[in-house]
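Examining the three-dimensional arrangement
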Amino acid sequence: MSWNIPLFKIFWDEQDAENVTEVIRSGMNWATGPNVQEFEARITQYLGIEYAVTFNSGTSALHAILATYGIGEGDEVIVPSFTFIATANAPLFVGAKPVFADIEEKTYGLDPEDVEKKITSKTKAIMPIHYGGSPCFIRELEQVAERHNLLLIEDAAESIGAQVDGKKVGSFGDAAIFSFCAPKVITTGEGGAVVTNSKEVYENLKLMRSHGRFEPADYFSTSEYLEYVTLGYNFRMSNITAALGIAQFEKVDRIIEMRRRNAEMMSAKLSKIPEIELPHSPDGFFHIYQMYTIKVKEGQGKRDALSAYLAEKGIMTKVYFPPVHFTHFYKNKLGYNCDLPVTDRLSGQVLTLPMYPSLTEEEINYITDEVAIFFLHRNR
Ligand SMILES: Cc1ncc(COP(=O)(O)O)c(C=O)c1O
């Protein structure tokens with residue numbers, strides 16, 4: 001379907017195209033190459049973290065970090081069900097069990113109290129997400145992890161640049177992952193990264209990402225034998241992709257500023273509609289609006305009707321997220337039957353509206369007017 005206003009548009013410029021073209025034109029280094037290290041250096045500088053390892057997706061980054069920590073058979077990892085399915089699948093990739101904890105209503109992140117209730121002798125890690133650009137209560141989760149001697153792995157796929165009291169998400173846990181998939185704040189089409197302050201984890205991630213091969217030299221430009229020292233995958237980000245990542249990173253602060261300005265305009269216009277709740281952040285939380293998600297107070301019927309009405313007007317919306325424990329795979333194949341009341345209720349109320357840096361004032365007016373018209377005329 002072609003939408004008048006899609007859910008997202010990629011923010012790109014000639015530098016993106018030039019960086020990619022330059023690698024292609026070189027006729028060399030399309031797989032590995034110096035852009036990968038350069039992109040990783042940009043990520044570490046931006047976040048104030050020691051090490052970054054790029055991956056070919058956020059999902060492979062999640063897989064690799066759990067495998068690197070030796071999480072496996074018999075272990076449990078606490079995750080939200082209110083997330084993209086990859087967060088929950090990652091423990092399954094390594095033979096561990098995802099255990100769902102409920103979310104809280106302020107940030108839609110993991111509820112630290114419920115997380116504490118879900119801890120057992122098998123729990124190895126807590127893996128919260130920062131939903132749609134909003135930090136979760138990561139400091140509180142940090143305390144839970146410390147109290148129980150658990151790993152804290154931030155799934156910051158959606159939230160590069162988000163902050164709590166000036167500290168960027170991704171810098172709180174033992175490690176964190178980011179995604180650079182197309183709808184994300186900066187994108188390489190597909191891509192991901194793990195960040196950590198541990199040199200040991202960093203070294204092991206590099207092995208995991210490239211066949212378990214020890215690579216003191218570039219594999220494709222050395223004739224030396226490089227030893228295979230452990231089990232590994234091909235999870236590498238290509239040098240072409242990393243070139244795009246470097247160009248995208250140049251714009252990250254501008255992109256975030258534009259998203260925040262657009263979200264502010266959207267909220268100002270929607271604030272007069274009593275039937276909905278707008279995204280809001282606790283004091284000291286810096287939301288970067290990778291998504292702009294409203295809550296339709298009445299619930300699923302009205303939310304779905306609003307979504308259908310906006311679709312008629314050419315405005316794309318989407319439910320982020322239908323809970324993972326309701327999917328066919330988790331419910332019927334894995335037999336999950338969970339008591340997650342906040343997740344269940346909120347997933348029936350949330351609706352993500354279009355949000356991207358180049359969204360114009362005219363488009364914002366069109367979206368917000370149509371939401372208002374729906375509640376004025378279709379509400380009776
Ligand atoms: C919270 C969350 N975790 C993990 C992922 C997976 O990232 P990717 O699509 O890059 O594999 C996503 C991406 O949609 C996500 O939103």
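My aim in this report is to walk through the structure given alongside it, one point at a time. Remember, it's a predicted structure, so these values are computed and weren't measured experimentally. (Residues numbered from 1 in each chain as written. Predicted model: local features only at pLDDT ≥ 70, side-chain atom pairs only at ≥ 80, totals over all residues. Heavy atoms only, no water.)

You can see Ser281 is positioned in the loop between strand E10 (276-277) and strand E11 (285-286). Distance in space between the C-alpha atoms of Ser281 and Thr107 is 6.8 Å, their sequence separation being 174 residues. (Helix = DSSP H or I, 4+ residues; strand = E, 2+ residues; numbered from the N terminus.)

Moving on, we come to the layout of surface pockets. If a probe as big as a water molecule is rolled over the atoms, it shows which places are left empty. Space inside the largest pocket adds up to approximately 560 Å³. What lines the largest pocket is a set of 25 residues, and nearest its centre among them are Gln37, Tyr202, Lys206, Arg209 and Glu215. For the lining of the largest pocket, the secondary-structure elements that each account for two or more residues are helix H2 (34-47), strand E1 (51-55) and helix H7 (199-209). Residues of the lining of the largest pocket, tallied by class, amount to eleven nonpolar, five polar and nine charged. The calculated volume of the second largest pocket comes to roughly 480 Å³. Residue lining of the second largest pocket: 30 residues in total, with Phe84, Glu158, Ser179, Cys181 and Lys184 positioned closest to the centre. Within the residue set of the lining of the second largest pocket, elements represented by two or more residues are helix H3 (58-68), helix H4 (85-93), strand E8 (175-179) and strand E13 (350-353). A per-element tally of the lining of the second largest pocket places H3 first, with three residues. For the lining of the second largest pocket, a count of residues per class yields 16 nonpolar, ten polar and four charged. (1 Å grid on protein atoms, 1.4 Å probe; cavity = no way out; pocket = protein on both sides within 12 Å on 5 of 7 lines; lining within 4 Å. Points joined across faces, edges and corners; volume = space filled by probe spheres on them. Nonpolar A, V, L, I, M, F, W, Y, C, P; charged D, E, K, R; others polar.)

This part covers the pairing of strand E12 (residues 292-296). Residues in a regular strand project their side chains so that they alternate between the two faces of the sheet. In terms of burial, E12 is a largely internal element, five of the five residues being buried. On E12, burial covers both faces: Tyr292, Ile294 and Val296 on one face and Thr293 and Lys295 on the other are all buried. Here two bridges tie E10 to E12, and the two strands are oriented antiparallel to one another. Bridge pairing in E12 links Glu277 to Lys295. Where E12 and E13 come together, four bridges link them in antiparallel fashion. Looking across to E13, one finds that Lys295 is bridged to Val350. (Buried < 20%, exposed > 50% of the residue type's maximum accessible area, 1.4 Å probe, protein only. Pairing = 2+ DSSP bridges.)

Turning next to the site of the ligand. The ligand sits among 16 residues. The nearest are Gly58, Thr59, Asp155, Glu158 and Ser179. Between an oxygen atom of the ligand and a side-chain N or O atom of Thr59, the distance comes to 2.5 Å. At 2.7 Å, a side-chain N or O of Ser179 approaches an oxygen atom of the ligand. Out of a free accessible area of 390 Å², the ligand has 92% covered by protein chains. Among the cavities detected, the one that contains the ligand is the second largest pocket. Within the residue set of the shell around the ligand, elements represented by two or more residues are H3 and H4. Residue contributions to the shell around the ligand peak at three residues, all from H3. The residue makeup of the shell around the ligand, split by class, is six nonpolar, seven polar and three charged. (Near = heavy atom within 4 Å. Polar contact = N/O pair within 3.5 Å; in protein donor to acceptor, adjacent residues only side chain to side chain. Areas by Shrake-Rupley, 256 points an atom, 1.4 Å probe, with all protein chains shown as cover. Sits in = over half its atoms within 2 Å of the grid points.)

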